[in-house]
Amino acid sequence: MKNATPFTEAQPDREPHAAPEVLVAGEDAEGRLDVWLAATLEPDISRSRVKALIEAGAVSVNGKTATHAKHKIQAGDQVELVMPEPEDPVPQGEDIALDILYEDADLIVLNKQARLVVHPGAGNWTGTLVNALIHHCGDSLSGIGGVRRPGIVHRLDRDTTGVMVVAKNDLAHRHLAAQFADHGLTGPLERAYQAIVWGKPQGLKGTINANLGRGRDRTRRAVRKDDGDDVRHAVTHYLVTERYEEKPDGSCAGSMVECRLETGRTHQIRVHMAHIGHPLVGDAEYGGAFRTKANRLPDTVRETVNAFPRQALHAFLLVFEHPASGETMRFEAPLPPDMEELRLAFASL
């Protein structure tokens, strides 16, 4: 029996629109609010969901809104949880500006901006690339990806910019998906990225062959040496194209690298570059420990680096075979202004 007593009749199915659920902490209750509440409500609601609800102001303790997940719970505390109204799972069209590089009856190629999530999901039901595409294309998007990912053949991280291709019919979707699955082994597919990283990778070029899977926190990716169910083969080829503030000992403050994917795993470039000791500038998730390196830079450069709000990664090149004509299509996108400003700051060293 869990250390909580219902204060009012519990809602057996805990529908998001149900009346507030009120619980009273039992005699042995202690510790953090989010931990206690998640344990009390398991398996219906995860701890991460509980934390999000607390941060959204949906949880109160003894009549006062709880503002921190670390709030200490005590025996006898009255905890009230109000679930928000369910969000619409079917994406709607939204008038979001797109930088379209090419479009025909079969596909659309665009230069994705930073801070744009590709498809709807938990916490991002609106304002995504899919919402923008529905508005722009209407009913002409491929349905293979489902209602939440119509036409999406591949994706870029929210804060990664660059070239993407989207299918406008099922035939194009199947053809493009097959090319991405083949990774260019038998066809013309090429995917290349530009990244600004800390330090200088060993040699002017190299290959990172390291399997990837979920990290210990189950949210980030990590290099894995075991053969778990979630572990996938991953290979990244890199070429150093610029070196910034190169010193007599051969070290550098940073480098511009061109990365080409032999496989396409979630966060592959970010994890691989961090794995060899050269994480992307601005990558708080995989290179947070390197932020202090900016303190060694001149004031103007340090200010630019500290103000850069994302990982310095741009998908500048995409080559593929057109699904209808068979023509090899090649698209390039220049560095976005914020990343070009970062590059120039490093180049001034």
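The structure we're discussing is the one just above.
Residues numbered from 1 in each chain as written. Predicted model: local features only at pLDDT ≥ 70, side-chain atom pairs only at ≥ 80, totals over all residues. Heavy atoms only, no water.

Things to note about the packing of helix H7 (residues 299-307) against helix H8 (residues 337-347)
Running from N to C, H7 and H8 point in directions that differ by 150°, and their axes come no closer than 9 Å. By the angle between their directions, the pair H7 and H8 is classed as roughly antiparallel. Remark: the crossing between H7 and H8 carries left-handed chirality. Note on element contacts: H8 touches H7 through Glu341, Leu342, Ala345 and Phe346, opposite Val301, Thr304 and Val305. Across the contact of H7 with H8, the residue classes break down as five nonpolar, one polar and one charged. (Axes fitted to C-alpha atoms, helices over the stretch in contact; angles between N-to-C directions. Helix = DSSP H or I, 4+ residues; strand = E, 2+ residues; numbered from the N terminus. Parallel < 35°, antiparallel > 145°, perpendicular 65-115°, else oblique. Left-handed = near helix turned anticlockwise from the far one by under 90°. Contact = heavy atoms within 4.5 Å. Nonpolar A, V, L, I, M, F, W, Y, C, P; charged D, E, K, R; others polar.)

Examining the packing of helix H1 (residues 33-41) against helix H2 (residues 47-55)
Between H1 and H2, whose axes approach to 9 Å, the crossing angle comes to 125°. Considered as vectors, H1 and H2 are oriented oblique to each other. Relative to H2, H1 is oriented so that their crossing is right-handed. Note on element contacts: H2 touches H1 through Arg47, Val50 and Ile54, opposite Leu33, Asp34, Val35, Leu37 and Ala38. Counted by class, the contact of H1 with H2 contains six nonpolar, no polar and two charged residues.

Here we look at the packing of aromatic side chains
Within this structure, the stated rule accounts for four aromatic pairs. Aromatic side chains tyrosine 102 and phenylalanine 331 sit 5.8 Å apart centroid to centroid with 45° between the ring planes, which places their arrangement in the tilted category. A residue pair is termed long-range when its members are at least 10 positions apart, and tyrosine 102 in strand S6 (residues 100-103) and phenylalanine 331 in strand S16 (residues 328-332) qualify at 229 residues. The class for tyrosine 102 is partly exposed, based on a relative accessible area of 28%. Taking the relative accessible area as the measure of exposure, phenylalanine 331 reaches 11% and is therefore buried. When the centroid spacing of 5.9 Å and the interplanar angle of 25° are considered together, the rings of phenylalanine 320 and phenylalanine 331 count as stacked. Of the two residues, phenylalanine 320 is situated in strand S15 (residues 313-321) and phenylalanine 331 in strand S16; the sequence distance between them amounts to 11 residues. For the pair formed by phenylalanine 320 and phenylalanine 331, the shared burial category is buried. These aromatic residues form a ring-pair network of at least three members: Tyr102, Phe320 and Phe331. (Phe/Tyr/Trp six-rings, centres within 6.5 Å; stacked < 30°, edge-to-face > 60°. Buried < 20%, exposed > 50% of the residue type's maximum accessible area, 1.4 Å probe, protein only.)

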